[in-house]
Amino acid sequence: FRRKTRSKMVVHTDTCYFSELKIYPGRGVRCVRKDGRLLAFALRKCVKLFNQRKKAQKVHWTQAWRRLHRKGAEEEAAKKKIKKSTKVFKAIAGLSIDELKKRRTMKPEQRKAEREALARATKEKTKKVKDEKKKTGVKVAQTKVLSKQGFVKIPKSRKTLASAKH
């Protein structure tokens, strides 16, 4: 007995330069450009449209148009499962990752209360500083006046001469 093994015949096919259709052996038209590139076309129609300088993306029956307008892409999208990227939390200067997570999960009411408490604290601090300035304000004003009187501006030309003498 002889086993019959069927081996599939491998057929070398080209793709059309214009429409991207398969070109089987003995079919199609081949053209050579001036730069020496060999262009294979599936149909005369493709050659004529190429010579008219039509864009394959604007001709509805070409693969380029189908790709541009996502025709048949739903089947491919269903096959591929896209992995969702997870967010990576990194510590920011002055804040640890735990603190960042706490702030992220914090409710708006808590945020508002925290903000108001900080505002109150800063207001009290500025008020204290103002009160201290009022008490010592007279002394500060007198020292400013004295310092202004004692200061004499020397032009740059004189400064260079004075440094050269020393």
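Structure: above.
Residues numbered from 1 in each chain as written. Predicted model: local features only at pLDDT ≥ 70, side-chain atom pairs only at ≥ 80, totals over all residues. Heavy atoms only, no water.

### What to know about the overall build of the protein
Inclusion rule: Numbering of helices and strands starts at the N terminus; helices are DSSP runs of H or I of at least 4 residues and strands are runs of E of at least 2. When accessible area is computed with a 1.4 Å probe and restricted to protein chains, residues below 20% of their type maximum are described as buried, those above 50% as exposed, and intermediate ones as partly exposed. Contacts are assigned to residue pairs that have any heavy atoms within 4.5 Å of one another.
Across its full length, the protein holds 6 helices and 4 strands. Each helix (α) and strand (β) of the protein, taken in turn from the N terminus, gives the series β-β-β-β-α-α-α-α-α-α. Residues counted as buried form 11% of the 166 residues belonging to the protein. At a minimum sequence separation of 6, the contacts of the protein that also span at least 24 residues come to 25%.

### Things to note about the packing of aromatic side chains
What counts here: Between rings of Phe, Tyr and Trp, where Trp is taken as its six-membered ring, a pair exists when centres lie within 6.5 Å; planes separated by under 30 degrees are stacked, by over 60 edge-to-face, and by other angles tilted.
Scanning the entire structure with this criterion turns up 4 aromatic pairs. Centroid distance tyrosine 17 to phenylalanine 41: 6.3 Å. Interplanar angle 85°. Geometry classified as edge-to-face. Taken as a pair, tyrosine 17 in the loop between β1 (14–15) and β2 (22–23) and phenylalanine 41 in strand β4 (residues 38–41) lie far apart in primary sequence, 24 residues in all. The class of tyrosine 17 is partly exposed, set by a relative accessible area of 34%.

### Focus: a nonpolar patch on the surface
Put simply, the rule reads: Here a patch means residues that are over 30% exposed by relative accessible area and free of salt bridges, tied together within 9 Å if like-charged and within 5 Å if nonpolar (Val, Leu, Ile, Met, Phe, Trp, Tyr). Reported accessibility uses the Shrake-Rupley method at a 1.4 Å probe radius. Residues are deemed covered only where the shown protein chains occlude them. Throughout this description, the term salt bridge denotes a Lys or Arg side-chain nitrogen within 4 Å of a carboxyl oxygen of Asp or Glu.
The grouping of Met9, Val11 and Tyr24 at the surface amounts to a nonpolar patch, some 350 Å² of accessible area in total. Tracing the backbone shows methionine 9 in the segment before β1.

### A few points about the side chain of serine 19
Counting through the fold element by element, serine 19 comes out in the loop between β1 and β2. A relative accessible area of 0% places serine 19 in the buried class.

### Looking at the pattern of salt bridges
What the rule picks out here adds up to 3 salt bridges. A salt bridge links arginine 30 to aspartate 14, with the nearest nitrogen and oxygen atoms 2.3 Å apart. Of this pair, arginine 30 sits in strand β3 (residues 29–32) while aspartate 14 sits in strand β1, and the two are 16 residues apart along the sequence. For glutamate 20, the salt bridge goes to arginine 67, with nearest N and O atoms at 2.4 Å. Taken together, the residues span a long stretch of sequence, with glutamate 20 in the loop between β1 and β2 and arginine 67 in helix α2 (residues 63–68) at a distance of 47 residues. On the basis of relative accessibility, which here comes to 35%, the residue glutamate 20 falls in the partly exposed class.

### Details of the environment of histidine 60
Relative to the helices and strands, histidine 60 resides in the loop between α1 (44–51) and α2. On the basis of relative accessibility, which here comes to 55%, the residue histidine 60 falls in the exposed class. Between the C-alpha atoms of histidine 60 and serine 19, which are 41 residues apart in sequence, the distance is 9.9 Å. Among all residues touching histidine 60, those that are not within four sequence positions of it are Trp65 and Arg66.

### What to know about the pairing of β3
We apply this condition: When DSSP finds at least two bridges between two strands, those strands are taken to pair.
Relative to β4, β3 runs antiparallel, the two being bridged by 4 bridges. Bridge pairing in β4 links cysteine 31 to leucine 39. In this antiparallel pair of consecutive strands, β3 and β4, the connection spans 5 residues, and glycine 36 shows a positive phi of 95°.

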